Amino acid sequence: MSDCVFCRIVNGQIPSTKVHEDRLTLAFMDIGQVNPGHVLVAAKPHVENIYGLDDALAAAVFQTAARVARAVKKAYTPEGVTLYQANGAAAGQTVYHFHLHLIPRYDKDGMHLTWPAKNPPREQLEVNAAKLRAALE
Ligand code: 5GP
Ligand code: ZN
């Protein structure tokens, strides 16, 4: 995908600041740096979002995420680390090539995700889960 910015990074057509690379994944610094040490872990093949990951690629991405998270913890000793991964515009995705964010976190660092929990009754959880179980079949 020649018009995809992350494909161009993976192919070396535009520069990036790399942290880790293997056959299926590339970890590099997010240009925006929400906090210092903010890393993106991208799939090397052009896959738009999580729905397109096969098992091997999904495993490789999370293996790299866990490795880099340990490095972020060691190098920056943050108070926490947030994994953020968006699929679709409504979820906040802006680059349509699968990636996840590893963001070192600190108390009152200004990053917010509102969490409007509805706390439905268990019967509603059963209805919601049944719909998903049917979709998994
Ligand atoms: P999304 O909202 O899709 O999860 O996040 C896309 C991220 O890609 C943003 O945090 C943005 O800063 C980062 N980004 C966009 N273009 C580039 C680029 O050319 N190089 C790097 N290193 N990061 C980029
Ligand atoms: Zn791409």
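The residue numbering used here restarts from 1 in each chain and proceeds along that chain's sequence as written. All chains are assigned letters beginning with A, and all ligands numbers beginning with 1, in the order in which they are written. Predicted model: local features are reported for residues with pLDDT of at least 70 only, side-chain atom pairs are reported and counted for 80 or more only, and whole-chain, interface and lining totals are derived from all residues. Hydrogens and waters are ignored; side-chain quantities use all the structure's heavy atoms.

Chemist: Explanation requested: a nonpolar patch on the surface in the structure shown.
Modeler: For patches, a residue must show more than 30% relative accessible area and have no salt bridge; joins then use 9 Å for like charges and 5 Å for nonpolar side chains, namely Val, Leu, Ile, Met, Phe, Trp and Tyr. Surface accessibility in these figures is a Shrake-Rupley result with a 1.4 Å probe; residues are shielded only by whichever protein chains are displayed. In the sections that follow, a salt bridge refers to a side-chain nitrogen of Lys or Arg positioned within 4 Å of a carboxyl oxygen of Asp or Glu. On the surface, Phe62, Val81 and Leu83 cluster together into a nonpolar patch covering about 260 Å² of accessible area. Within the secondary structure, Phe62 is located in helix α2 (residues 55-76). Elements are defined by DSSP. Helices are runs of H or I of four residues or more, strands are runs of E of two residues or more, and each kind is numbered from the N terminus.

Chemist: Any chance you could explain the sheet that holds strand β5 (residues 99-105) here in plain terms?
Modeler: Picture the strands of a sheet paired through backbone hydrogen bonds; they go either parallel or antiparallel. Paired strands, as defined in this entry, are two strands with at least two bridges between them according to DSSP. Strand order in the open sheet made by the 5 strands is β1-β2-β3-β5-β4, with antiparallel pairing throughout. Looking along the sheet, the strands with just one partner apiece sit at the ends: β1 (18-21) and β4 (80-84). Averaged over neighbouring strand pairs, the angle between their axes works out to 20 degrees when direction is ignored. Pairing between strand β2 (residues 25-29) and strand β3 (residues 39-43): 5 bridges, direction antiparallel. Across the sheet, the residue bridging to Ala27 is Val41, located in β3. To get an axis, fit a line to the C-alpha atoms, keeping to the stretch in contact for a helix; angles then go from 0 to 180 degrees between the N-to-C directions.

Chemist: Can you help me understand the coordination of the zinc ion (ligand 2) in this one?
Modeler: Note on metal sites: the ideal angle is 109.5 degrees for four tetrahedral donors, and 90 or 180 degrees for six octahedral donors. The coordination sphere of the zinc ion (ligand 2), as far as protein atoms go, consists of Cys4 (SG), Cys7 (SG), His46 (ND1) and His97 (ND1), spread over 2.0 to 2.3 Å. As a rule, N, O and S atoms within 2.8 Å of a metal are its donors, except that Na, K and Ca use 3.2 Å; water is not among the atoms, so sites may look incomplete. Within one chain, the residues donating to the zinc ion (ligand 2) are spaced in sequence as C-x2-C-x38-H-x50-H. Of the two residues examined, Cys4 and Cys7, each falls in the buried class. Accessible area is worked out with a 1.4 Å probe on protein chains only. A residue is then buried under 20% of its type maximum, exposed over 50%, and partly exposed in between.

Chemist: Help me out: how do you make sense of the side chain of Asn49 in this one?
Modeler: Secondary-structure assignment places Asn49 in the loop between β3 and α2. The class for Asn49 is buried, based on a relative accessible area of 14%. Two residues qualify as a contact provided that any one of their heavy atoms is within 4.5 Å of a heavy atom in the partner residue. Beyond its immediate chain neighbours, meaning those up to four positions away, Asn49 contacts Asn87, Gln93 and Phe98.

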